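Structural description and commentary
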Amino acid sequence: MDFSDSFRIVNLVVAVIMVLGGISQFITDPGFQSIIIGAYVIVFGLAVALLEFQIPAQVSRYASFMFSFVGRGIFYVFVGSVVLNGGWMRIVAGSVIGAVGLAYVALEFVPSVEPPANMREADAGWGAEQV
């Protein structure tokens, strides 16, 4: 079955939640560490959203983990755990991002579900490098 549109919507929702979680870092705790963490989370959210519309060549070369369910899932779990602190809004945002990440990791082991087209762009096999 082709779930490309569903995965695109889920990834865009996760990107919006990442950006909102990063913004909430600025609002609730305006310390230096929170500003840095918030900036990183916002950049990660914008990058995830960009990958749904356009795939820059550098991303497929240096961040090829974003093109597999396991890689993207672990990335989402990481970002979810970074967001997961403080107030209830960040706890909800981090939990949703982490849950989507765990679902993506689980989808890697379901043979009937294929990755969407934008996650297959850089799939040249494990360890394959363009020379």
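Cut-offs used in this document
Residues numbered from 1 in each chain as written. Predicted model: local features only at pLDDT ≥ 70, side-chain atom pairs only at ≥ 80, totals over all residues. Heavy atoms only, no water. Helix = DSSP H or I, 4+ residues; strand = E, 2+ residues; numbered from the N terminus. Buried < 20%, exposed > 50% of the residue type's maximum accessible area, 1.4 Å probe, protein only. Contact = heavy atoms within 4.5 Å. Areas by Shrake-Rupley, 256 points an atom, 1.4 Å probe, with all protein chains shown as cover. Core = buried A, V, L, I, M, F, W, Y, C linked by side-chain atoms within 4.5 Å. Phe/Tyr/Trp six-rings, centres within 6.5 Å; stacked < 30°, edge-to-face > 60°. pLDDT = per-residue confidence, 0-100. Patch = residues over 30% accessible without salt bridge, like charges linked within 9 Å, V, L, I, M, F, W, Y side chains within 5 Å. Salt bridge = Lys/Arg side-chain N within 4 Å of Asp/Glu carboxyl O.

This part covers the overall build of the chain. Each helix and strand in the chain was counted, giving 5 helices and 0 strands. A total of 131 residues make up the chain; the buried ones form 34% of that total. Considering only intrachain contacts with a sequence separation of at least 6, the fraction spanning at least 24 residues in the chain is 68%. With the model as given, the accessible surface of the chain reaches about 7,900 Å², and the carbon-plus-sulfur share is 69%.

Let's shift gears to the nonpolar core. If you look at the biggest cluster of nonpolar residues, it comprises 23 residues, and the most contacted ones within it are M18, V48, F75 and Y76. Taken together, the elements giving at least two residues each to this core come down to α1 (4-28), α2 (32-51), α4 (69-83) and α5 (88-107). Apart from the residues within four sequence positions on either side, V48 is in contact with N11, A15, M18, M66, F75 and Y76.

Taken as a whole and assessed by the stated rule, the structure comprises 8 aromatic pairs. Geometrically, the ring pair formed by F44 and F75 is edge-to-face, given 5.3 Å between the ring centres and 75° between the ring planes. Of this pair, F44 sits in helix α2 while F75 sits in helix α4, and the two are 31 residues apart along the sequence. We classify F44 as partly exposed; its relative accessible area is 24%. Ring pairing ties together the aromatic residues F7, Y40, F44, F65, F69, F75, Y76 and Y104, which thus form one cluster.

Now for the confidence of the model for the chain. The predicted model of the chain has a mean per-residue pLDDT of 83, with 88% of residues at 70 or higher. Confidence scores differ between elements of the chain, with helix α3 (residues 57-62) showing the lowest mean pLDDT of 77 and α4 the highest of 92. Low confidence marks residues 125-131, where pLDDT is under 50. Its contacts with residues over four positions away, or in another chain, come to 3 contacts.

With that settled, the discussion passes to a nonpolar patch on the surface. Where nonpolar side chains cluster on the molecular surface, the patch consists of V16, L20, I23, F26, I27, I35, W88, M89, V92 and V96 and spans about 940 Å² of accessible area. If you list the elements that add at least two residues to the nonpolar patch, you get α1 and α5. The dominant element in the nonpolar patch, judged by the number of residues it contributes, is α1, at 5 residues. When its relative accessible area of 31% is taken as the criterion, F26 is described as partly exposed.

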